[in-house]
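Overview (structure and organization)
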Amino acid sequence: MIEAVVFDLDGVIVDSEHVWEEVRAAYTRESGGRYTERATRDMMGMSAPEWSAYMASELGVPGTPEEINAAVVERMLARYGEAPPLIPGAVDAVRAIAKRWPVAIASSSNRELIDVVLAAAGLADVVRVAVSSEEVERGKPAPDVYLEAARRLGVDPSRCVAVEDSENGIRSAKAAGMSVVAIPNQHFPPDAEALAQADVVLGSVAELTPQVIG
């Protein structure tokens, strides 16, 4: 029996993974660091404290993790402006599902970015709970952010369905004990091993309906 649906944000509702890559890469290089080929995948799913520390230690970006986080988020907010790049069909899918089940967000994005996207999408009124991984101990692929979303909803994780696009996200939701609908990210698709853990795989969020969840 499904009692709630928990959505990832980046790559599911907003087409932002490539924006994160562009912003982090540009800031790294402008600061005198070295952006590596594996950096984007390494940081996917990390919480803000984790990826900012990674940029300092692994990419050679000067400054404290707190300073790096603030600078990157400022650039992300500037890129989003008043029109974050919403994925076609995502808003309608979330609204349709929210008519039947409580809906939450479990995201690696910073709180400021989550709030901007939900406001721009007109989803703030239907999303009951939104959790950023900076609010929990560990980012994805650890289950913390999904467990916290379920806790705030008052629903057992085993009765939740997660909607994810990335390999770390899929692993996070499965580790939390949730069923997973995977919508592979077009820019950074999950590997076959992670994708095999999903209960359902869709080609796009436009295919996500209450019938698929049920």
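Scroll up a little and you will see the structure.
About the criteria used
Residues numbered from 1 in each chain as written. Predicted model: local features only at pLDDT ≥ 70, side-chain atom pairs only at ≥ 80, totals over all residues. Heavy atoms only, no water. Helix = DSSP H or I, 4+ residues; strand = E, 2+ residues; numbered from the N terminus. Rg over C-alpha atoms; globule rule 2.2 N^0.38 Å. Contact = heavy atoms within 4.5 Å. Areas by Shrake-Rupley, 256 points an atom, 1.4 Å probe, with all protein chains shown as cover. Lys, Arg positive; Asp, Glu negative; His and termini not counted. Charge placed at Lys NZ, Arg CZ, Asp CG, Glu CD. Pairing = 2+ DSSP bridges. Axes fitted to C-alpha atoms, helices over the stretch in contact; angles between N-to-C directions. 1 Å grid on protein atoms, 1.4 Å probe; cavity = no way out; pocket = protein on both sides within 12 Å on 5 of 7 lines; lining within 4 Å. Points joined across faces, edges and corners; volume = space filled by probe spheres on them. Nonpolar A, V, L, I, M, F, W, Y, C, P; charged D, E, K, R; others polar. Phe/Tyr/Trp six-rings, centres within 6.5 Å; stacked < 30°, edge-to-face > 60°. Buried < 20%, exposed > 50% of the residue type's maximum accessible area, 1.4 Å probe, protein only. Lys NZ or Arg CZ within 6 Å of the ring centre and 35° of its normal. Arc of directions from axis to C-beta. Parallel < 35°, antiparallel > 145°, perpendicular 65-115°, else oblique. Left-handed = near helix turned anticlockwise from the far one by under 90°.

In terms of regular secondary structure, the protein is built from 10 helices and six strands. Taking 214 residues into account, the globule formula puts the C-alpha radius of gyration at 17 Å, and the protein, at 16 Å, falls close to it. Principal-axis analysis of the C-alpha atoms places the extent of the protein at approximately 50 × 35 × 30 Å. Taking as baseline every contact in the protein between residues at least 6 positions apart, the subset at least 24 positions apart corresponds to 64%. Counting only carbon and sulfur atoms, one obtains 49% of the accessible surface of the protein, whose full area is about 9100 Å². Each charge sign in the protein was given a centre, from 19 positive and 33 negative side chains, and these centres are 4 Å apart.

As summarised here, the arrangement of the six strands in space is S3-S2-S1-S4-S5-S6, forming an open sheet in which the pairing is parallel. Looking at which strands have only one partner, the edges of the open sheet turn out to be strand S3 (127–132) and strand S6 (200–201). Docked against the sheet, helix H6 (residues 111–121) engages strand S2 (103–107) and S3, running at close to 150° with respect to S3.

Further remarks concern empty space enclosed by the protein. The final tally for this structure, using the stated rule, is one cavity of 30 Å³ or more. In this structure, the largest cavity spans a volume of roughly 140 Å³. In this structure, the largest cavity is lined by 16 residues; those nearest its centre are Asp10, Glu17, Met44, Gly45 and Ser108. The biggest single contributor to the lining of the largest cavity is helix H1 (residues 17–30), with three residues. A per-class count over the lining of the largest cavity returns five nonpolar, four polar and seven charged.

With the exception of glycine, the majority of residues adopt a negative phi angle, and the majority of peptide bonds are in the trans configuration. In this chain, Lys140 is followed by Pro141 through a cis amide linkage whose omega measures 15°. With respect to the element layout, Pro141 can be found in the loop between S3 and helix H7 (144–153).

Centre distance and the angle of the planes are the two values used to describe a pair of aromatic rings. Evaluation of the coordinates by the stated rule reveals one aromatic pair. Measuring from ring centre to ring centre gives 5.6 Å for Trp20 and Trp51, while their planes differ by 65°; the resulting arrangement is edge-to-face. A residue pair is termed long-range when its members are at least 10 positions apart, and Trp20 in helix H1 and Trp51 in helix H3 (residues 48–57) qualify at 31 residues. Residue classification places Trp20 among the buried positions, given a relative accessible area of 3%. Across the ring face of Trp51, the terminal group of Arg24 is positioned such that the distance to the ring centre comes to 4.5 Å.

Looking at the largest pocket, its volume works out to about 210 Å³. Surrounding the largest pocket, 13 residues form its lining, Gly11, Ile87, Ile183, Pro184 and Gln186 being those nearest its centre. In terms of residue class, the lining of the largest pocket is built from six nonpolar, six polar and one charged.

This brings us to H6. Inspection of H6 places Leu113, Ile114, Val117, Leu118 and Ala121 among the buried residues, and these make up the whole buried set. Projected onto a plane normal to the axis of H6, the buried residues spread over an arc of 130° and lie on a single side. Lining the buried residues of H6 we find H1, helix H4 (65–80), helix H5 (90–98), S2 and S3. A positive phi of about 70° marks Gly122, the residue just after H6.

For the rest of this paragraph, the subject is the packing of H1 against H4. The geometry of H1 relative to H4 is characterised by a closest axis approach of 10 Å and an angle of 130° between their N-to-C directions. One finds that H1 runs oblique with respect to H4. By crossing handedness, the relation of H1 to H4 is classed as right-handed. Judged by residue contacts, Val19, Trp20, Glu22, Val23, Arg24, Ala26, Tyr27 and Glu30 of H1 engage Ile68, Ala71, Val72, Arg75, Met76 and Arg79 from H4. Partitioned by chemical class, the residues of the contact of H1 with H4 number nine nonpolar, no polar and five charged.

Read these as spatial facts, not as claims about activity.
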